[in-house]
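Coordinates in review
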Amino acid sequence: MYRLAICDDNQTDVAYLQSLLKRWAASTETAMKIESFPSAEAFLFRYEEDKSFDLLLLDIEMGQMSGVELARRVRQDNRQVQIIFITGYMEYIAEGYDVEALHYLLKPVTEEKLRAVLDRAARRFESREKALCLCVSGTAMRIPLREIRYLEVQRNYVTVHGQEAWTVKKTLNELEEELDRSFFRTSRSHIVNLHYVRKITRTQVTLKDGDELPLSRKFYEEMNRAMIHYF
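Residues numbered from 1 in each chain as written. Predicted model: local features only at pLDDT ≥ 70, side-chain atom pairs only at ≥ 80, totals over all residues. Heavy atoms only, no water.

Residue position: Arg3 is located in strand β1 (residues 2-7). Residue classification places Arg3 among the buried positions, given a relative accessible area of 11%. (Helix = DSSP H or I, 4+ residues; strand = E, 2+ residues; numbered from the N terminus. Buried < 20%, exposed > 50% of the residue type's maximum accessible area, 1.4 Å probe, protein only.)

On to the sheet that holds strand β10 (residues 165-168), then. What the five strands build is an open sheet, ordered β10-β9-β8-β12-β11; its pairing is antiparallel. In this open sheet, the two strands that pair with only one neighbour each are β10 and β11 (183-185). Adjacent strand axes in the sheet meet at a mean angle of 20°, parallel and antiparallel pairs treated alike. (Pairing = 2+ DSSP bridges. Axes fitted to C-alpha atoms, helices over the stretch in contact; angles between N-to-C directions.)

Our focus in this paragraph is the side chain of Gln82. Mapped onto the secondary structure, Gln82 falls in strand β4 (residues 82-87). For Gln82, the side chain forms a polar contact with the main-chain oxygen of Ala121, separated by 3.0 Å. Setting aside anything within four residues of it in sequence, one finds Gln82 in contact with Asp54, Leu55, Leu56, Leu102, Ala121, Arg124 and Phe125. (Polar contact = N/O pair within 3.5 Å; in protein donor to acceptor, adjacent residues only side chain to side chain. Contact = heavy atoms within 4.5 Å.)

Now for helix α3 (residues 67-75). Listing the buried residues of α3 in full gives Gly67, Val68, Leu70, Ala71, Val74 and Arg75. Along the long axis of α3, the arc covered by the buried residues comes to 160°, so they all point the same way. In this structure, the buried residues of α3 make contact with β1, α2 (40-49), β3 (55-59) and β4. (Arc of directions from axis to C-beta.)

In this structure, the largest pocket occupies an estimated 730 Å³ of space. Lining the largest pocket are 33 residues, with Arg79, Arg146, His195, Tyr196 and Tyr230 positioned closest to its centre. Those elements giving two or more residues to the lining of the largest pocket turn out to be β4 and α4 (111-128). Of the residues in the lining of the largest pocket, the class split is nine nonpolar, nine polar and 15 charged. (1 Å grid on protein atoms, 1.4 Å probe; cavity = no way out; pocket = protein on both sides within 12 Å on 5 of 7 lines; lining within 4 Å. Points joined across faces, edges and corners; volume = space filled by probe spheres on them. Nonpolar A, V, L, I, M, F, W, Y, C, P; charged D, E, K, R; others polar.)

With that settled, consider empty space enclosed by the protein. According to the stated counting rule, one finds one cavity of 30 Å³ or more in the structure shown. For the largest cavity, the calculated volume is near 40 Å³. Every residue along the wall of the largest cavity is listed here: Tyr2, Leu4, Trp24, Met32, Leu55, Leu118, Ala121, Ala122 and Phe125. Elements supplying a minimum of two residues to the lining of the largest cavity: β1 and α4. Broken down by element, the lining of the largest cavity gets its largest block of residues, four residues, from α4. Looking at the lining of the largest cavity, its residues break down into nine nonpolar, no polar and no charged.

As a further point, take the pattern of salt bridges. In this structure the tally under the stated criterion is 14 salt bridges. In this structure, Lys107 and Asp13 form a salt bridge, with 3.3 Å as the shortest nitrogen-oxygen distance. Pair noted here: Lys107 is in the loop between β5 (103-106) and α4 and Asp13 is in helix α1 (residues 11-28), with a separation of 94 residues, a long-range link. The partner of Glu69 in a salt bridge is Arg72, with the nearest N and O atoms 3.7 Å apart. Within this pair, Glu69 and its partner Arg72 are both found in helix α3, separated by three residues, close to a single helical turn. (Salt bridge = Lys/Arg side-chain N within 4 Å of Asp/Glu carboxyl O.)

This part takes up the packing of α2 against α3. The N-to-C vectors of α2 and α3 enclose an angle of 15°; their axes lie 10 Å apart at closest approach. When the interaxial angle is binned, α2 and α3 end up roughly parallel. Pair α2 / α3 crosses with right-handed handedness. Contact residues: α2 offers Ala40, Phe43, Leu44 and Tyr47, while α3 offers Leu70, Arg73 and Val74. When the residues that make up the contact of α2 with α3 are grouped by side-chain class, the tally is six nonpolar, no polar and one charged. (Parallel < 35°, antiparallel > 145°, perpendicular 65-115°, else oblique. Left-handed = near helix turned anticlockwise from the far one by under 90°.)

Structure follows, in C-alpha cells:
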C-alpha cells in the first residue's frame, strides 16, 4: 500500500489527478491511498502527525506557501519521499534540483506523461526496499541501498559511504553482486549510486554533496548512458 498526497488549491485539478492515479493503480494492480490537501499549510499540519507518505504531488503556485517551499520543509527530515511538482510555468523547474524532485509535470497534465512518471516512481519504490547486509565489528547491519552514496576499496577492505561510513573485509565484486541498477562502477576501486551524482567529466564524478570520485575513461560513455537510463 503506497500513500500519496496531492497538495493543490484547485479542487478541479485535484479531482482530475485523483482519477488518473486511480486508473494507473488499477492497470498496474498497485494498492494506494490518496489524500488531498488544499494548501501547503494543511498538508504540513497532517504531516506533523504522520510522515509515512511515499509520494507527494505538489502544485507550485499556491497561497502563502508554495509547493517548492513545502518540499524544502519536508526535505529537512525526509530524504525518502518522492516529489512530483505540477506547474503551469517553466521558470520554476530549476528550483526543484535542491529538493531532489522526481519530475515536473506541466499543466495541463496528460495521462500518458503522468503514467510514465508513476512508472518511474514505482521502480524507485522497489529499489528503496532493497538493502545491503553487512557484518561490522561483529554487529549485523542492514543498510538501505537508497542511503548508500558510494563504495570504495581500501586495501583488503571496502568502505560503504552512506549516512555513516561502514568498513568490511569483503571484495568490491562481492558487494557489487548485492547492488541494483542504481549503482555504477566508475573504476576498479569505486562504485557510485547514480541518484547522488551531480556531474560527470571524462575523469571524475562529482556527487551532490561535493565528494569527487575517479572515473576510468573507458567507462565515461557507458556511465552517461546509465545516467540517461536511470533518470
